[in-house]
Amino acid sequence: GLQPVYSSSQVQSNNSNPSYPPMPAAAATTTAKSARLASTTPTGPAPWIFTQPGAKSNITIGCILPFEGPQQVVGEASMTALHMAIKDWAPKLLPSTNINLTCLNGKCQDVAAYSAMTRLAQDKVVAVVGEVCSGASVAAAGVANDKKIPMISPASTSASLSQKDYFFRTVSGEMLLE
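Predicted, not measured: the structure shown is a model, and the values here were computed from it.

**Student:** Could you give an account of the overall build of the chain, naming the residues involved and the relevant values?
**Tutor:** Counting secondary structure elements, the chain contains six helices and seven strands. Here the chain, with 178 residues, has 43% of them falling under the buried criterion. Contacts in the chain between residues at least 24 apart in sequence constitute 67% of all its contacts with a sequence separation of at least 6. When the accessible surface of the chain is summed, it comes to about 9200 Å², and 55% of that surface belongs to carbon and sulfur atoms.

Have a look at this one:
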């Protein structure tokens, strides 16, 4: 079943000068507080791994969700849903694969989500679930698109996200809601 592997404080990022798209203009021109956020490694709950008997391979799935602030309950509920989905579907769809779920705190903020997606790309995730706020998803989707990492949001509706090849959502976009 799902169990913690190591604490988020034990996770180290690979800082080997990767090439990423430029930070969104809104994120790059925000206050000094936001600049400090960009220079810190995003944290979240401890990574979890779903182990299966006889597993021959491992994959890492990332998630960027808000684990603080007004949308914290949405982030925690989404993470619980991810755990349930992995428990239910991994034995059927990926029977000989261990799944590491690494979730980072996107805070529903563009800079934090951009930093989280950059870190997950460095960690070589196969896909990312999140963010739930459109502005944060727009910032993270640039990295996802550039690195060809599928990203699926359970809640972001911004029409600008429809222009990203590797971004998917489970809700209708704003243009369809009008």
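**Student:** Outline the nonpolar core, supporting the account with residue identities and numerical values.
**Tutor:** Counting residues in each nonpolar core, the largest one holds 35 residues, and the members touching the most others are I64, L65, M117, V128 and M151. The set of elements that each furnish at least two residues to this core consists of β3 (57–65), α3 (72–93), β4 (97–105), α4 (110–122), β5 (127–130) and α5 (134–147). Once residues within four sequence positions are removed from consideration, M151 is found in contact with V128, G130, E131, S137, A140, A141, A144, Y166, F167 and F168.

**Student:** So what's going on with the confidence of the model for the chain? Which residues, and what values?
**Tutor:** Looking at the chain as a whole, the pLDDT averages 79, with 74% of positions reaching at least 70. Between residues 1–21, whose pLDDT stays under 50, and residues either more than four places distant or in other chains, the model counts 49 contacts. Of the regions scoring below 50 in pLDDT, residues 23–40 engages in 17 contacts with residues more than four places distant in sequence or in other chains.

**Student:** Can you tell me about the pairing of β5, naming the residues and giving the values?
**Tutor:** Sheet analysis places β3 next to β5, joined by four bridges and oriented parallel. Its bridge partner lying in β5, G62 is registered against V128. Bridge count for β5 against strand β6 (residues 151–153) is two bridges, and the pairing is parallel. Each residue of the ladder has a partner; that of V128, found in β6, is M151. On the question of chirality, the crossover connecting β5 to the parallel β6 by way of α5 is right-handed.

**Student:** Help me get a handle on the state of the cysteines, residues and values and all.
**Tutor:** Taken as a whole and assessed by the stated rule, the structure comprises two disulfides. Here C63 connects covalently by a disulfide to C103, the sulfurs 1.9 Å from one another. Judged by the sign of its S-S torsion, about 125 degrees, the cystine formed by C63 and C103 is right-handed. With C63 in strand β3 and C103 in strand β4, this pair connects stretches of sequence that are 40 residues apart. Both residues of the pair, C63 and C103, belong to the buried class. Between the sulfur of C108 and that of C133 lies a disulfide, 1.9 Å long from S to S. The sign of the S-S torsion, about 70 degrees, decides the handedness of the disulfide formed by C108 and C133: right-handed. Placement of C108 in the loop between β4 and α4 and of C133 in the loop between β5 and α5 is noted, with a sequence separation of 25 residues between them. In the chain, the bonded cysteines, numbered by position in the sequence, are linked as 1-2, 3-4.

**Student:** Give a detailed account of the packing of aromatic side chains, specifying residues and quantitative values.
**Tutor:** Under the defined criterion, the tally for this structure stands at zero aromatic pairs. Across from the ring centre of W89, 5.0 Å away, lies the NZ or CZ of K92, which sits over that ring.

**Student:** Hey, could you go over α5 for me, with residue numbers and the actual values?
**Tutor:** Spanning 14 residues, α5 covers 20 Å between terminal C-alpha atoms, matching the ideal 20 Å at 1.5 Å per step. Of all the residues in α5, the buried ones are S134, A136, S137, A139, A140, A141, G142, V143 and A144. For α5, the secondary structure elements touched by its buried residues are β3, α4, β5, β6 and β7 (167–169). Taken from the residues just after α5, K148 is the one with a positive phi, measuring 60 degrees.

Calculation notes
- Residues numbered from 1 in each chain as written.
- Predicted model: local features only at pLDDT ≥ 70, side-chain atom pairs only at ≥ 80, totals over all residues.
- Heavy atoms only, no water.
- Helix = DSSP H or I, 4+ residues; strand = E, 2+ residues; numbered from the N terminus.
- Buried < 20%, exposed > 50% of the residue type's maximum accessible area, 1.4 Å probe, protein only.
- Contact = heavy atoms within 4.5 Å.
- Areas by Shrake-Rupley, 256 points an atom, 1.4 Å probe, with all protein chains shown as cover.
- Core = buried A, V, L, I, M, F, W, Y, C linked by side-chain atoms within 4.5 Å.
- pLDDT = per-residue confidence, 0-100.
- Pairing = 2+ DSSP bridges.
- Right-handed = clockwise from strand over helix to strand, strands pointing away.
- Disulfide = S-S within 2.5 Å.
- Phe/Tyr/Trp six-rings, centres within 6.5 Å; stacked < 30°, edge-to-face > 60°.
- Lys NZ or Arg CZ within 6 Å of the ring centre and 35° of its normal.
- Expected span 1.5 Å × (residues − 1).

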